[in-house]
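One letter stands for each residue in the lines below.
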Amino acid sequence: MKTSDFYYELPEELIAQDPLKKRSDSRLLVLDKESGQTEHHVFKEIVQYLHPKDCLVINDTKVIPARLIGAKEETGAKIEVLLLKRKEKDIWETLVKPGRKAKPGTRIRFGDGLLTGEVVDVVEEGNRLIRFEYQGIFEEILDQLGQMPLPPYITHQLQDKERYNTVYASHEGSAAAPTAGLHFTQELLKKIEEKGIEIARVTLHVGLGTFRPVKVDDVEAHHMHSEFYMIEPEAAEKINRAKAQGGRVICVGTTSCRTIESAADEKGQIHACSGWTDIFIYPGYQFKVLDCLITNFHLPESTLIMLVSALAGKEHVMAAYEEAVREKYRFFSFGDAMFIK
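The name given to the chain in an unreviewed UniProt entry is S-adenosylmethionine:tRNA ribosyltransferase-isomerase, with the source organism recorded as Faecalicatena acetigenes. Reading the Function (unreviewed entry) entry of the UniProt record for the chain gives the comment "Transfers and isomerizes the ribose moiety from AdoMet to the 7-aminomethyl group of 7-deazaguanine (preQ1-tRNA) to give epoxyqueuosine (oQ-tRNA)." The heading Pathway (unreviewed entry) in the UniProt record of the chain holds the text "tRNA modification; tRNA-queuosine biosynthesis."

Below, the structure written as structure tokens:
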């Protein structure tokens, strides 16, 4: 299986630069994974596709304003730091630009010294471990100084930080949003619960590895970066109950899907657990728990479009993407949604 099998042409003007005024006004392309047939809707109409006894699995991770602009203490040269993973209380794995200026021992000041960082080590792929020094609460300082780490294809400044978080985001730790969840409003979630659908919250802190391009020709040679996930007993119980009652498990986003597939045993049962996953789902994968998926439109040749193709078949997915381009759907993080049923 070649990476180029997952390529499609996308006009630049279809890359959504800003979120819509109302989250649930996005468009929704519904794809039948068996027949490949498609329908066109508005996202708020997703309710009609969900049935009592189904379980909707959402990822409640919260994106932190992880992009910091600072200056080297010795020279004043500008340095950009992106927080990737907290390793210890005040030590973070980071992506630094320009990296060559950030050798171990380099000290960086942010916000007139409100926050100071020292590079303590260089780790895999040139990432830096930085130890931070500050007075007060780190999260509050980050909220004051940091910017949301929007993907490089979004060139507009985000006016409201919270629009790059879901309305149910609660566990801080992501470097990127689980974007399929951005379409939900509290009103829509209430309607879904009132219809008798259980909502199970899981957590997977999204790392930038999810969006790294696949640089090998052979899909199977690609290695995923690991991300931290957590499933509480209540969520495991809801998912297992839906399966036992003949309901469907419907994941909101590829991150929720990867979480439950990582946690499932061979019989498709979910157990409360936490840990790191580097699961890579591509065509040929046999899903243990997932039945349906709500997702956004993903980058060509990405691991995300490969995951979607594992569920609905590459031919169906690529045809649906071509249709979405013809119909001028909005693509990527702030774009429209797809429901694979």
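*Asks:* Before we move on, could you go through the nonpolar core and cite the residues and values that matter?
*Replies:* Counting 66 residues, the largest nonpolar core has Ile239, Ile270 and Phe331 as the members making the most contacts within it. The element that contributes the greatest number of residues to this core is helix α5 (residues 303–312), accounting for seven residues. In this structure isoleucine 270 touches Ile231, Ala236, Ile239, Asn240, Ile260, Ala263, Ala264 and Val289, once residues within four positions along its chain are discounted. Of all hydrophobic cores here, the second largest spans 23 residues; its members include Phe43, Tyr49, Ala180 and Leu189.

*Asks:* Summarise the sheet that holds strand β1 (residues 27–31); cite the residues concerned and give the values.
*Replies:* A sheet is described by the order of its strands in space; here nine strands give the open sequence β2-β1-β17-β16-β14-β3-β12-β13-β15, paired in mixed fashion. Every other strand in the sheet has two partners, leaving β2 (38–42) and β15 (273–277) as the edge strands with one partner each. Each adjacent strand pair in this sheet contributes to an overall mean axis angle of 20 degrees, direction not counted. Pairing of strand β16 (residues 292–296) with strand β17 (residues 337–340), which is carried by four bridges, proceeds in the antiparallel orientation. Across the sheet, the residue bridging to asparagine 296 is alanine 337, located in β17. Of the strands in this sheet, β3 (55–59), β12 (198–204), β13 (227–231), β14 (249–252), β15 and β16 are in contact with helix α4 (residues 254–263), which crosses β13 at around 70 degrees.

Cut-offs and rules
- Residues numbered from 1 in each chain as written.
- Predicted model: local features only at pLDDT ≥ 70, side-chain atom pairs only at ≥ 80, totals over all residues.
- Heavy atoms only, no water.
- UniProt positions renumbered as here; feature names shortened; annotations may be inferred.
- Core = buried A, V, L, I, M, F, W, Y, C linked by side-chain atoms within 4.5 Å.
- Buried < 20%, exposed > 50% of the residue type's maximum accessible area, 1.4 Å probe, protein only.
- Helix = DSSP H or I, 4+ residues; strand = E, 2+ residues; numbered from the N terminus.
- Contact = heavy atoms within 4.5 Å.
- Pairing = 2+ DSSP bridges.
- Axes fitted to C-alpha atoms, helices over the stretch in contact; angles between N-to-C directions.

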